[in-house]
2 protein chains.
Amino acid sequence: MRCDVLAVGTELLLGQITDTNSQWIGEQLAAAGIDSLFQAKVGDNLARVETVLRRMLADADAVIMCGGLGPTHDDLTRDAIAAVMGVELQHDEGVADVIRELFAARGRRMAENNLRQAQVPVGATVIPQTRGTAPGLICPVIIDGVSKVIYAVPGVPHEMKDMLQRAVLPHLLQRSGEASVIISRSLRTWGESESGLNERLDPVIERLETEGNPTLAFLASGWEGIKVRLTAKAATHAEATTIIDRWEAEVRSLVDDIVFGVDDDTMESVVLQMLRDRGLSLGLAESVTGGLVAGRITNVPGASDVFRGCVVSYASEVKFDVLGVPEGPVVSEAAAAAMAVGAQRVLGADVALSLTGVAGPAEQDGMPVGTLCVGIAIGDAVMTRALRMPGLRDQMRQMSVISALDLLRRALTD
Amino acid sequence: MRCDVLAVGTELLLGQITDTNSQWIGEQLAAAGIDSLFQAKVGDNLARVETVLRRMLADADAVIMCGGLGPTHDDLTRDAIAAVMGVELQHDEGVADVIRELFAARGRRMAENNLRQAQVPVGATVIPQTRGTAPGLICPVIIDGVSKVIYAVPGVPHEMKDMLQRAVLPHLLQRSGEASVIISRSLRTWGESESGLNERLDPVIERLETEGNPTLAFLASGWEGIKVRLTAKAATHAEATTIIDRWEAEVRSLVDDIVFGVDDDTMESVVLQMLRDRGLSLGLAESVTGGLVAGRITNVPGASDVFRGCVVSYASEVKFDVLGVPEGPVVSEAAAAAMAVGAQRVLGADVALSLTGVAGPAEQDGMPVGTLCVGIAIGDAVMTRALRMPGLRDQMRQMSVISALDLLRRALTD
């Protein structure tokens, strides 16, 4: 089964927006075991859209088209599909009703051209719209005597994603003769390289290669660690979930020490939840990261029931005067310990995390760029760690944030 | 002149990385007045790369290929080009020397397969490598009796961008018979919508539409405001600069009040420089933004000579106890003023900026989500402003950061 992807929109070619839709669709197709060997972008020009679509259908079993389903005269995806199918567009009263209702619900007047979105190629099936005004389309077409499909979805990412998961992927899987439910789960890890993870998971990977379901993939997410993604196919949701549960346990049996969360968990949301569960409040003292840890913590909705605040002690005198750090080298484990204890006291927090280090461009106090000292105070207990971070200023700072939060997570686990 | 773009790499189709190269190239081509009507992604498969390249050359005057120039057997761009040109690859000793020197300079052993990168199609011109080991290629080719060009550049963004600006764009412009130097300058603005900017700049835009050089474009950069980009073409760098200087003055005469910087300036780098010029130190007190302002300020290298630190007073008691805010509603202009004065005192700063507000999910102290109160203390003078920010949690917080920094910038200007 081969499904290629065509993104439609002049703004994509002009570089005014990035085509992240194709990437996301490519990722979903790969997880579902469907080949996607060619992906293209074309502008809002009927002749060109039609030509490109014909060429792509000659090579692939199916083509997903993204964008060009809006209400303006520039939105030509419906017309191009009808031309390739060799059929007319016809008005679909059911779709029109939904569009009218969406406008009414928002208290807005509907311009007449919005009914262009109710035009459907004869023989196509509508994918009902739940979020926007444009419905998707499933369009069977015969190319050189072979039955193929064109899928059309809106270019707005959340509408596209919704229709792809709800209608396009199940339809594609059914056509390919595969089971029609597909579920993914990502285990989020921190502290191991991709090759290291690969080595540790080798026994599971070997067995999965034999079984073929679920599949396992490593997804690097930069400063956020590596995700181990399991993707299972089955006839029902319950069966797929059972498969995922079983293999999640297998994976965890080998690498549970570096798994900090699942799917949408972040290091900061996990740490906040651990503190909340234990009834502990959090304070921070940041130097090298200059507020980045606090910024991430406070990006989690509901952080205020745990998080007291932070002292960003960038100047040494702020460390001495506000946090009570003894005069001396400020990039040291001793300074990190004093910063954590100071933050506990000044902010009235049960637990405090501190970071001091050297982000560059130059070394400081004789310590090289990349040095990070972390302090953790939990009640009366204080621990420190010195680490060496990679990279230049921005990378060093971002890696420091997640590394320090992971140390706090581990300290809270013990 | 039409130049299409082909990105090569299976990882692009699998969605493991986003193809931002095509977008960037599309933006450059548009600024240079060159049409780009089709852009595609294809995997590391020689037959498919060759087929797609032939098809694209049938339609366009030139094709820029990105990626597939590495040293491994998966890197097939050179082979595909040679096949389309109908020539052999030959070893280029000059390129090989540069590769050997790059490895030697890094003190690393060069694996023999790196010399694959010294293979050049007969008749092609090398674009010398300055950053990576892969050189670029300019490959003339006759398609159906018409002279066309294939450009090959590495997929690593900074190498690609360097070669595109240094060699590919000038070569394309020369072929199109246009002036061969192209220069852009972006004026960064904050505080006006795109339609508002358009209206204010209407007199300049009208004259530019007649003259045609430079071009003017609005680039929305989300939370960072709107860029007004001028792009001039000329025979020499000096001429192009003269054109840009003249029209920058014209643009500024209409919207100078909202221009905060040029090109790589950021709101935080501009504010830091203003403080540095005036010999003033900066302290912050953040509540709603929870450290985001401090995080951005400290991301500017050299911030430490101006920035003292920040008190993230997320819990109300931290506002009262550490900053000395009087008990009462903490989302108010009075609280913002007290926070700024408190930050000045606690952090020993000449100037302090404070932010308190409601990011949601729920309202607070009877103030709706989106409320932002900013305090600015400069010496003994204190000013406050209440603003209403749009959007949900993340957007509200990010908009608050730049809005507050802009208020500080204006206060320092006066």
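Residues numbered from 1 in each chain as written. Chains lettered and ligands numbered in written order. Predicted model: local features only at pLDDT ≥ 70, side-chain atom pairs only at ≥ 80, totals over all residues.

Attention now moves to the domain arrangement of chain A. Residue and element names in this part refer to chain A. Split into domains, chain A comes out as domain 1 (3–175), domain 2 (181–262) and domain 3 (267–413). Taking only C-alpha atoms into account, the centre of domain 1 sits 32 Å from that of domain 2. Taken residue by residue, the interface counts 4 residues in domain 1 and 4 residues in domain 2. Looking at the side of domain 1 that touches domain 2 residue by residue, the classes come out as 4 nonpolar, no polar and no charged. (Domains from an automatic or database assignment. Contact = placed C-beta atoms within 7 Å. Nonpolar A, V, L, I, M, F, W, Y, C, P; charged D, E, K, R; others polar.)

A separate point is the packing of helix α3 (residues 46–59) of chain B against helix α4 (residues 77–85) of chain B. Residue and element names in this part refer to chain B. Two elements in contact, α3 and α4, have axes whose closest approach is 9 Å; the angle formed by their N-to-C orientations is 50°. Between α3 and α4, the crossing angle belongs to the class labelled oblique. For α3 against α4, the interelement crossing comes out right-handed. Residues L46, V49, E50, L53, R54 and L57 of α3 pack against T77, D79, A80, A83 and V84 of α4. Classifying every residue of the contact of α3 with α4 gives 7 nonpolar, 1 polar and 3 charged. (Axes fitted to C-alpha atoms, helices over the stretch in contact; angles between N-to-C directions. Helix = DSSP H or I, 4+ residues; strand = E, 2+ residues; numbered from the N terminus. Parallel < 35°, antiparallel > 145°, perpendicular 65-115°, else oblique. Left-handed = near helix turned anticlockwise from the far one by under 90°.)

Where interface size is given, it is often the accessible area lost as the parts come together that is meant. At the interface, 48 residues of chain A touch 48 residues of chain B. Broken down by secondary-structure element, the contributors of at least two residues to the side of chain A that touches chain B are α2 (20–31), β2 (38–42), α3 (46–59), α11 (292–297), β14 (307–313), α12 (316–321), α13 (333–347) and α14 (393–413) of chain A. A per-element tally of the side of chain A that touches chain B places β14(A) first, with 7 residues. Classifying every residue of the side of chain A that touches chain B by side-chain character gives 24 nonpolar, 17 polar and 7 charged. Direction of pairing for β2(A) relative to strand β2 (residues 38–42) of chain B: antiparallel, over a ladder of 5 bridges. Bridge pairing in β2(B) places A:Q39 opposite B:K41. (Pairing = 2+ DSSP bridges.)

Before going further, it helps to examine the nonpolar core. A:L6, A:V63, A:I64, B:L6, B:V63 and B:I64 are the most contacted members of the largest nonpolar core, which has 128 residues in total. With residues up to four places along the chain from it excluded, the contact list for B:I64 reads B:C3, B:V5, B:I25, B:Y151, B:V153 and B:V168. (Core = buried A, V, L, I, M, F, W, Y, C linked by C-beta atoms within 7 Å. Buried ≥ 20, exposed ≤ 12 C-beta atoms within 10 Å, placed from the backbone.)

Take the sheet that holds strand β3 (residues 62–66) of chain B next. Strand order in this open sheet of 12 strands is β6(A)-β7(A)-β8(A)-β3(A)-β1(A)-β2(A)-β2(B)-β1(B)-β3(B)-β8(B)-β7(B)-β6(B), and the pairing throughout is mixed. The strands lining the two open edges of the sheet, one partner per strand, are β6 (125–127) of chain A together with β6 (125–127) of chain B. Adjacent strand axes in the sheet meet at a mean angle of 20° when their direction is disregarded. Judged from the 4 bridges that link them, strand β1 (residues 3–8) of chain B and β2(B) form a sheet pairing that is parallel. Looking across to β2(B), one finds that B:A7 is bridged to B:K41. In the packing of α4(B) onto the sheet, the strands contacted are β1, β3, β7 (136–143) and β8 (146–153) of chain B, and the crossing angle to β7(B) comes to about 25°.

Neighbouring strands of a sheet are bound in pairs by backbone hydrogen bonds; such pairs are parallel or else antiparallel. All names here are of chain A. Within the open sheet, the 4 strands sit side by side as β10-β11-β9-β12. Their pairing is antiparallel. Each edge of the open sheet carries a strand with a single partner, namely β10 (215–220) and β12 (259–262). The mean inter-strand angle of the sheet, taken between neighbouring strand axes irrespective of direction, is 25°.

Turning our attention to the pairing of strand β17 (residues 381–388) of chain B. Within a regular beta strand, the side chains point alternately toward one face of the sheet and then the other, so they alternate between its two faces. All names here are of chain B. In this sheet, β17 lies alongside strand β16 (residues 371–378) in antiparallel orientation, the contact comprising 8 bridges. Counted as the bridge partner of C373 is A386 from β17. What sits between the antiparallel neighbours β16 and β17 is a turn of 2 residues, in which G379 has the positive phi angle 60°.

The next thing to look at is helix α6 (residues 157–175) of chain B. Residue and element names in this part refer to chain B. Of all the bends in α6, the greatest, near 50°, is centred on L164. Turning to α6, its buried residues number three or more, namely E159, M160, M163, L164, V168, L169 and L172. Residue G177 follows α6 closely and has a positive phi angle near 75°. (Bend = angle between axes of the 7 residues up to and from the residue.)

What follows covers the relation of the copies chain A and chain B. Superposing chain A onto chain B takes a rotation of 180° plus a shift of 0.3 Å along the axis, which leaves an RMSD of 0.4 Å. Taken together, these values place the two copies in the relation of a two-fold axis. Interface overlap between copies: 100% of the residues of chain A at the interface are likewise at the interface in chain B, consistent with a symmetric, same-surface contact. (Least-squares fit on C-alpha atoms with pLDDT ≥ 70 in both.)

The subject of this paragraph is unusual backbone geometry. In this chain, A:N213 is followed by A:P214 through a cis amide linkage whose omega measures 0°. Despite not being glycine, A:D365 has its phi angle at roughly 50°, a positive value. On the secondary structure map, A:D365 appears in the loop between β15 (351–357) and β16 (371–378). Residue A:D365 is classed as partly exposed on the basis of its 14 C-beta neighbours within 10 Å. In the Ramachandran plot, B:D263 falls in the positive-phi region, its phi being about 55° despite a non-glycine side chain. Structurally, the position occupied by B:D263 is in the loop between β12 (259–262) and α10 (267–278). Assessed through the 11 C-beta atoms surrounding it within 10 Å, B:D263 is described here as exposed.

This next bit is on helix α5 (residues 93–105) of chain B. A rise of 1.5 Å per residue sets the reference length of α5(B), with its 13 residues, at 18 Å; its end C-alpha atoms lie 18 Å apart and thus fit the reference within 8%. In the segment just after α5(B), B:G107 is the residue with positive phi, at about 65°. (Expected span 1.5 Å × (residues − 1).)

Residues and elements named next belong to chain A. By the element assignment, Q344 lies in helix α13. Distance from Q344 to R116, taken between C-alpha atoms, is 62 Å for residues 228 residues apart in sequence. Apart from residues no more than four positions distant in its own chain, Q344 is found in contact with G283, A349, A352 and A377.

Our focus in this paragraph is the confidence of the model for chain A. Across chain A, the average pLDDT comes to 93, with 99% of residues at or above 70. For this predicted complex, the interface score ipTM comes out at 0.80, alongside a pTM of 0.81. (pLDDT = per-residue confidence, 0-100.)

Residue and element names in this part refer to chain B. Looking at the secondary structure, you find V5 in strand β1. Accessibility expressed as a C-beta count within 10 Å gives 28 for V5, which makes it buried. C-alpha separation for the pair V5 and I64, spaced 59 residues apart in sequence, amounts to 4.8 Å. Here V5 is in contact with S22, I25, G26, S36, Q39, I64 and C66, once residues within four sequence places are set aside.

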